[in-house]
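# Chains, contacts and geometry: an overview
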Amino acid sequence: MKAKKLFISGVFFLLCFWSGFGLYAQTKAPQKDGAIRLTFENLKTGTLPEGWKIEATNQKGPLATWQVIEDTTAPSGKKVLSLTKVNHSFGGTFNLCRTDQIRFLNGEIKVKFKANSGIEDQGGGVIWRAKDSDNYYISRYNPLENNFRIYYVKDGARRMLASARIKLPAHKWYELKITVQGDQMKGYLNGKELLQVKDHTFPEAGGVGLWTKADAETSFDDFEVVKRNSLR
Amino acid sequence: MPFTPKNVRTRLTLWYVLALTFILLVYAGISITLVYLDLRRNLDHALNEDYEILENLIRVTPDGSVLLDEEDDPYFHERWFEIWSTDGKKLYESRPFTSKSLPAISEKEKATGGFSFRSLKLENDVRVRVMYGKTNIEGKWLFIRLIHFEDRMWNEIRAFAWLMLFALPVAILIAGLGGYFLTKKLLAPVDQMAEKARKISEENLQERLPVINPSDELGNLAKAFNELLERIEKSFTRLKQFTSDAAHELRTPLTAIRSIGEVGLQENKDVSYYRNVIGSILEENRRLTRLVDSLLFLSGADSEKFKPNIRAFQLYPFVEQTIEFIQPLAEEKNQTIHPEGQKDITLRADPGLLKEALLNLLDNAIKYSPAGTDIAVRIARNKKYTTITVTDQGAGIPEEEQEKIFERFYRIDKGRSREMGGSGLGLAIALWTVQIQGGTISVKSKSGFGSSFIISFPNSGNKNKRGFGNTS
């Protein structure tokens, strides 16, 4: 009887340990090359990665709903982080799901995304060096406008820094990547360099996150951050 | 020579106008700058919108050339832009309504990543705003320049500046007039005070300046002037009284000398008679001399330039010497003056002035005490004061007279005093000589029981000085 209790306790302990480790591993798993990669596979559906929060720039009305959902088309595994419901109707709102626990200055940010829906806007992208919900850099692809761009958002106002026209259909997965070194930034779509820009509006390290505009509902997977020394 | 208006009102108004002009100029400068920045931001925004449209019009052919879908943009022919290849070849140019051309792309512009804005001045002073930068269209890198004329922006700024320029003198004129009337109103009490002050002379020194608002600056000034007038009035009254008293006192011995002389000349008398007459004349002359000396002494005191020669000295021997000096007068009345009290006190004071004070008090004590009485000079020191008290056994001073006896020429019994050779200045001199050294004189007296005159010097003022402090 005692042995059975010990066995059950042991199994329970192992389960707790593995689930805890798994949760940590999927949220901020530092890879061998120093990358932090989020595949969302070990998160429960309906949740967010630990330390991530939902915010908005120029918010009017309720915040959008971001959550981990199952997606059979996901490029890795079965789960993705998705903006599933906009909850507002203001076209000037930038929907954010971001974290300050990953501080990014120089390096590389990569994400796979799929534009699911949106009448006013579609698509999305990544943000970096975010000071708060009103101040950050953003790179995004919009399949409605067929353009891939880098902007900065300062005090809630957006200014375009670089633009590339490229036509990619919606409802498919694409890879968006930005590389940052000091004030030099480059944007890649599906591995092809399409944007180059030099800007020093936000020279300090800040948070990272995901971005969509207005009513754009988009799914994201394989979010990866690689930090590099600025002197390199 | 710089222009300096003599009128305070005009000066204040000018300063006010100058300050306001400066403020308005700064305000105008800031306003124009803000308008310029706002209009430029609008221009940049318009260029951005132009780019959004243009980006969708550009088509890149397989051979690398560029085509534009003009029919998709109803305003296409109103837009001014250039498309260059990254190796510096102009691929497309649209220059509506102008023959102006932009300078070639500089290396600095080529090196620009993303989009930038700059203002350019072309020939004939044409100003344009340019948005330029590298973009990627369907996989091909292109350099794009979009141009907007800045003439509308500058016209608006000029119109605004002209508006400011016209509004400025009007605002300054209104402010100047307002300032002038305000200053006039504010300075009106000064005019009233000046008018009143002009009318005040020695005949109406009792009049005062009008105090319109006692709590403001001008009210304070008027109050200060009124206080000054009060002091002047008191001083003037005192001076008049003093002159009158002095003339009266001088006339008595002079009349006496004349009378004695006239009587002496009327009859032929022997030598001893004339010796008596001359003796009487000399006696009156001595009295007159004493009076003139006292007047000169007080005149010097009134000049307020006198500085006492303070030094430390042993008080008891000093009092003994002073008593010795006046002893012959006391002996004439068979009176005894004797010192009493602490013998080891050192005092810091002016011995010359203190002797003058003490002699006057002793002289009074001798004069107004009956023959054969004792006069005591007592020296004492407590925690706060060092005192010298002269006590006589005279008739005493009525309480109601005690405050007045230190006034110049004041006598309780004028006839008796003059008969005794008093000028009425002794106590006034004593009081001044003590006060100038930081001390005081008080009197304790009762009719029929003698008087005590107390000279007091505070110990505190000299506490740390050598030879001063409580004796053991």
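Predicted model only: the values in this text are computed from it and were never measured.

### Let's talk about the overall build of chain A
Counting secondary structure elements, chain A contains one helix and 16 strands. Per-residue burial for chain A yields a buried fraction of 41% across its 232 residues. A separation of at least 24 residues holds for 64% of the contacts in chain A among residues at least 6 apart in sequence.

### Section: the overall build of chain B
Assigned secondary structure in chain B consists of nine helices and 14 strands. Nonlocal contacts in chain B, meaning residues at least 24 apart in sequence, comprise 62% of its contacts between residues at least 6 apart.

### A closer look at unusual backbone geometry
In the Ramachandran plot, asparagine 87 of chain A falls in the positive-phi region, its phi being about 70° despite a non-glycine side chain. Not every positive phi belongs to a glycine, and glutamate 138 of chain B is a case in point at roughly 50°. By the element assignment, glutamate 138 of chain B lies in the loop between β6 (127–137) and β7 (140–149).

### Focus: the interface of chain A and chain B
Taken together, the contact pairs 15 residues of chain A with ten residues of chain B. The dominant element in the side of chain A that touches chain B, judged by the number of residues it contributes, is strand β11 (residues 157–165) of chain A, at six residues. By residue class, the composition of the side of chain A that touches chain B is nine nonpolar, three polar and three charged. Two elements, β11 of chain A and β6 of chain B, share two bridges in a ladder whose sense is parallel. Counterpart to arginine 165 of chain A in the pairing with β6 of chain B is isoleucine 137 of chain B.

### Quick word on helix α4 (residues 217–266) of chain B
In this model α4 of chain B runs 73 Å from its N-terminal to its C-terminal C-alpha over 50 residues, within 8% of the 74 Å that 1.5 Å per residue would give. All buried positions along α4 of chain B are accounted for by Ala222, Ala246, Glu249 and Pro253 of chain B.

### A short note on the environment of glutamate 156 of chain B
As for its placement among the helices and strands, glutamate 156 of chain B is situated in helix α3 (residues 151–199). The spatial distance from the C-alpha of glutamate 156 of chain B to the C-alpha of leucine 39 of chain B is 8.7 Å, given a sequence separation of 117 residues.

### With respect to the confidence of the model for chain B
All names here are of chain B. Residues at a pLDDT of 70 or more form 93% of chain B, whose mean pLDDT is 85. In this model, residues 462–472 is a region of pLDDT below 50 whose contacts with residues beyond four sequence positions or in other chains number 20 contacts. On the interface metric, ipTM, the complex scores 0.75, and its pTM is 0.60.

### What to know about the nonpolar core
Grouped together as the largest cluster of nonpolar side chains are 71 residues, with contacts concentrated most on Val126, Ile127, Trp128 and Val208 of chain A. Those residues in contact with tryptophan 128 of chain A that sit more than four places away from it in its chain are Phe104, Ile109, Tyr136, Tyr137, Ile178, Val180, Gly206 and Val208 of chain A. Counting residues in hydrophobic clusters, the runner-up holds 37 residues, among them Phe318, Ile345, Val390 and Ala430 of chain B.

### Details of helix α1 (residues 8–57) of chain B
Residue and element names in this part refer to chain B. Taking 1.5 Å as the rise per residue, α1 with 50 residues should run 74 Å; its terminal C-alpha atoms sit 73 Å apart, in good agreement. Every buried residue of α1 is listed here: Thr13, Leu43, Leu47, Asp50 and Leu54. Residues of α1 that are buried sit in contact with β1 (58–60), β3 (80–85), β6, β7 and α3.

### Observations concerning the sheet that holds strand β13 (residues 440–445) of chain B
Residues and elements named next belong to chain B. Taken in spatial order, the five strands line up as β9-β11-β12-β14-β13 in an open sheet, and their pairing is mixed. Each end of this open sheet is capped by a strand with a single partner; those strands are β9 (336–341) and β13. Here the average twist between neighbouring strands, direction ignored, is 15°. Where β13 and strand β14 (residues 451–458) come together, six bridges link them in antiparallel fashion. If you follow serine 445 over to β14, its bridge partner there is serine 451. Helix α9 (residues 426–435) rests against β13 and β14 of the sheet, and its axis sits at about 135° to β13.

### Quick word on the packing of α1 of chain B against α3 of chain B
All names here are of chain B. Close contact between α1 and α3 brings their axes to 8 Å; oriented N to C, the two are set at 160°. What the angle tells us is that α1 and α3 run roughly antiparallel. When you trace α1 past α3, the crossing you get is right-handed.

### Observations concerning the packing of helix α7 (residues 351–368) of chain B against α9 of chain B
Residue and element names in this part refer to chain B. Their axes nearest at 8 Å, the elements α7 and α9 cross at an angle of 150°. Put simply, α7 runs roughly antiparallel to α9. Considering how the two elements wind past one another, α7 and α9 form a crossing that is left-handed. Contacts between α7 and α9 involve Leu353, Glu356, Ala357, Asn360, Leu361, Asp363 and Asn364 from the former and Gly426, Leu427, Ile429, Ala430, Thr433 and Val434 from the latter. When its residues are assigned to classes, the contact of α7 with α9 shows seven nonpolar, four polar and two charged.

### Quick look at the confidence of the model for chain A
Here chain A averages 87 in pLDDT, while 84% of its residues score no lower than 70. Scored below 50 in pLDDT, residues 10–32 of chain A shows 17 contacts in the model against residues more than four places distant or in partner chains.

### Regarding the pairing of strand β10 (residues 147–154) of chain A
All names here are of chain A. Within β10, seven of the eight residues are buried, leaving the element largely enclosed by the surrounding structure. Relative to β10, strand β9 (residues 135–142) runs antiparallel, the two being bridged by seven bridges. Counterpart to serine 139 in the pairing with β10 is isoleucine 150. Adjacent in sequence and paired antiparallel, β9 and β10 are bridged by four residues, among which asparagine 146 carries a positive phi angle near 55°.

### A short note on the environment of arginine 238 of chain B
Within the element layout of this structure, arginine 238 of chain B appears in helix α4. Residues arginine 238 of chain B and arginine 408 of chain B lie 170 residues apart in sequence; the distance between their C-alpha atoms is 9.4 Å.

About the cut-offs
Residues numbered from 1 in each chain as written. Chains lettered and ligands numbered in written order. Predicted model: local features only at pLDDT ≥ 70, side-chain atom pairs only at ≥ 80, totals over all residues. Helix = DSSP H or I, 4+ residues; strand = E, 2+ residues; numbered from the N terminus. Buried ≥ 20, exposed ≤ 12 C-beta atoms within 10 Å, placed from the backbone. Contact = placed C-beta atoms within 7 Å. Nonpolar A, V, L, I, M, F, W, Y, C, P; charged D, E, K, R; others polar. Pairing = 2+ DSSP bridges. Expected span 1.5 Å × (residues − 1). pLDDT = per-residue confidence, 0-100. Core = buried A, V, L, I, M, F, W, Y, C linked by C-beta atoms within 7 Å. Axes fitted to C-alpha atoms, helices over the stretch in contact; angles between N-to-C directions. Parallel < 35°, antiparallel > 145°, perpendicular 65-115°, else oblique. Left-handed = near helix turned anticlockwise from the far one by under 90°.

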